[in-house]
Amino acid sequence: MPGNTLPPFPNDVRTHPLLIIDYELIKAGDVGEVNRLWEAATTLGFWYLKNHGADQEASDMFDMGAETMALPFEERMKFEQGDDGRSFGYKKAGGNAIDATGTLDSAEFINVSKDDALAYPQVIHRTYPSTVNARMENTIAPFVRKGLEVTYVVLNIFNDKLELPKGTLERLHDMEEYSCSETRCIRSPPTQDKEAMKNPAILGAHTDFGSLSFLHNRLGGLQVLSPGHNQWSYIRPIPGHAVCNIGDALSLFSGGILQSNIHRVVTPPGVQAEYERWSLVFFTRPSNSKVLRALVESSHIIAEAVKKRPDKSFETGSTAVEWFTRRVKNQRIRNRTGPETWAASRGTEHTPTAA
């Protein structure tokens, strides 16, 4: 497993506190814990999740990532995700822009489709490196199932809080339809010189594309920009705690009640910067054909929320797969024509005033 012996997160950097939600309690329907989850989801849109039961699955996924990144570069590039807006596969460092000026990202990652993982050995979307195939059934599929389990528990809680007809949000993430849901294992290089520290961004400021992200970090680096603030704050990694956050789709479905907040990944703070940074995510995204729009006809709560935001449109006219493809395609550096390409990759972000 990468990152077995790592220095502690420093205490002298700006951090943003997150509510710690107990998965076992929300799964059991504990009213107080459910209300705390709702508070987190409707304010910052980020929270820690403990007792999620995925520690072993996550550890195995990190091993899969390390095995894949140890393959020769030429072998990895046979499975590169390409420039047509598809995310599944390998992404090399420098493949994406992280800002409007075209600054290159420094992270490489391997993305595996939820559909491919659960259908293996049948190929739904694409093929993968040998190291991925070797772990598809005993490592990747179990992590996908755990991520989906967490997602559906959370979705059903939000469904009740929004007073939507039973099963509405779950149907928008129908397991019987293909989606852009995926696992991602990310490696970022250590930063060992002061010149590199002048541009610390690994992944540019963004909102997540889908519905819910289930993140496991080994080192610091994740930062959030709280609404109404102009300074970035680190999220402190806590062993055994995942970080969950709301993406664009749930924010749109809920008429902005659920918060898809802007965040980025930068060089880890302090001596942690000298170490390779690994992170792991399961991204849940709606079924491909579902249209991203506020569910105003299904919930008076959502309808009222939309009425209070006449300045904002919750009608994207876009299906989930169209939204996702647009965002991925316009981040690819080979598709860049200028700042307008970066603008075309944006989601529900508010405009950050912090660098």
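One structure accompanies this document, and this report is about it. Model, not experiment: these values are computed from the prediction. (Residues numbered from 1 in each chain as written. Predicted model: local features only at pLDDT ≥ 70, side-chain atom pairs only at ≥ 80, totals over all residues. Heavy atoms only, no water.)

### Description of the pattern of salt bridges
Scanning all chains against the criterion turns up 21 salt bridges. In this structure, the salt-bridge partner of Arg76 is Glu108, at a minimum N-O distance of 2.7 Å. Here Glu108 lies in strand 4 (residues 108-113) and Arg76 lies in helix 4 (residues 73-77), a separation of 32 residues in the sequence. A relative accessible area of 9% means that Arg76 is categorised as buried. Across the pair Arg327 and Asp248 runs a salt bridge whose closest N-O atoms are separated by 2.6 Å. (Salt bridge = Lys/Arg side-chain N within 4 Å of Asp/Glu carboxyl O. Helix = DSSP H or I, 4+ residues; strand = E, 2+ residues; numbered from the N terminus. Buried < 20%, exposed > 50% of the residue type's maximum accessible area, 1.4 Å probe, protein only.)

### Side note on the sheet that holds strand 5 (residues 182-188)
In space, the eight strands of this open sheet follow the order 1-2-10-7-12-5-4-3, with mixed pairing throughout. Looking at the sheet topology across the chains shown, the edges are occupied by strand 1 (20-22) and strand 3 (89-91). Strand-to-strand twist in this sheet, taken as the mean axis angle between neighbours without regard to direction, amounts to 25°. Pairing of strand 2 (residues 46-50) with strand 10 (residues 242-246) involves four bridges; the strand directions are antiparallel. Opposite Tyr48, over in strand 10, you have Val243 as the bridge partner. (Pairing = 2+ DSSP bridges. Axes fitted to C-alpha atoms, helices over the stretch in contact; angles between N-to-C directions.)

### Considering the packing of aromatic side chains
Within this structure, the stated rule accounts for five aromatic pairs. Ring plane angle 15° and centroid distance 6.2 Å describe the contact between Phe143 and Phe214, whose orientation is recorded as stacked. In this pair, Phe143 sits in helix 7 (residues 136-161) while Phe214 sits in strand 7 (residues 212-217), placing the two residues 71 residues apart along the sequence. Overall, Phe143 belongs to the buried group, its relative accessible area being 0%. With 5.4 Å between their ring centres and 65° between their planes, Phe209 and Phe324 make a pair best called edge-to-face. Of this pair, Phe209 sits in the loop between strand 6 (201-206) and strand 7 while Phe324 sits in helix 12 (residues 320-329); the two residues are 115 residues apart in sequence, bridging distant segments of the chain. (Phe/Tyr/Trp six-rings, centres within 6.5 Å; stacked < 30°, edge-to-face > 60°.)

### Concerning the nonpolar core
Of all hydrophobic cores here, the largest spans 62 residues; its most connected members are Ile26, Trp47, Leu49, Ile140, Phe158, Leu169 and Phe214. Ranked by residues supplied to this core, first place goes to helix 7 with twelve residues. Tyr48, Phe109, Ile235 and Val281 belong to the second largest nonpolar core, which has 16 residues in total. (Core = buried A, V, L, I, M, F, W, Y, C linked by side-chain atoms within 4.5 Å.)

### So, unusual backbone geometry
Between Tyr120 and Pro121 the backbone carries a cis peptide bond, its omega angle lying at 10°. On the secondary structure map, Pro121 appears in the loop between helix 5 (114-119) and helix 6 (130-133). Within the chain, Glu163 stands out as a residue other than glycine whose phi angle is a positive 55°. Positionally, Glu163 belongs in the loop between helix 7 and helix 8 (168-171).

### Remarks on helix 12
Along helix 12, the residues classified as buried are Ala320, Trp323, Phe324, Arg327 and Val328. Down the axis of helix 12, the sector holding all buried residues measures 120°, keeping them to one side. (Arc of directions from axis to C-beta.)

### A short note on the environment of Phe214
Phe214 sits in the buried class, given a relative accessible area of 2%. Placed 70 residues apart in sequence, Phe214 and Thr284 show a C-alpha to C-alpha distance of 8.3 Å.

### Quick word on helix 11 (residues 300-307)
Considered for burial, the residues of helix 11 that qualify are Ile302, Ala303 and Ala305. Seen from one end, helix 11 has its buried residues packed into an arc of 160°, which puts them on one side. Facing away from the buried side of helix 11 by more than 90 degrees, the exposed set consists of His300 and Lys307. Looking at the packing, one finds that the buried side of helix 11 touches helix 10 (248-253). A side-chain oxygen of the first residue of helix 11 lies 3.2 Å from the backbone nitrogen of Ile301; this N-cap is Ser299. (Contact = heavy atoms within 4.5 Å. Polar contact = N/O pair within 3.5 Å; in protein donor to acceptor, adjacent residues only side chain to side chain.)

### Examining the packing of helix 2 (residues 31-42) against helix 7
Where helix 2 contacts helix 7, the two axes come as close as 11 Å, and the packing angle between them is 85°. By the criterion of interaxial angle, the relationship of helix 2 to helix 7 is roughly perpendicular. Taking contact as the criterion, the partners of Val34, Asn35, Leu37, Trp38 and Ala41 in helix 2 are, on helix 7, Val154, Ile157, Phe158 and Lys161. (Parallel < 35°, antiparallel > 145°, perpendicular 65-115°, else oblique.)

### Things to note about the side chain of Asp116
With respect to the element layout, Asp116 can be found in helix 5. One buried charge, Asp116, has no salt-bridge partner; the nearest side chain with opposite charge is Arg126, at 6.4 Å. A distance of 2.8 Å separates a polar atom in the side chain of Asp116 from the backbone nitrogen of His125. In this structure, Asp116 is in contact with Gln122, Val123, Ile124, His125, Arg126 and Tyr128, ignoring residues within four places of it in sequence. (Lys, Arg positive; Asp, Glu negative; His and termini not counted.)

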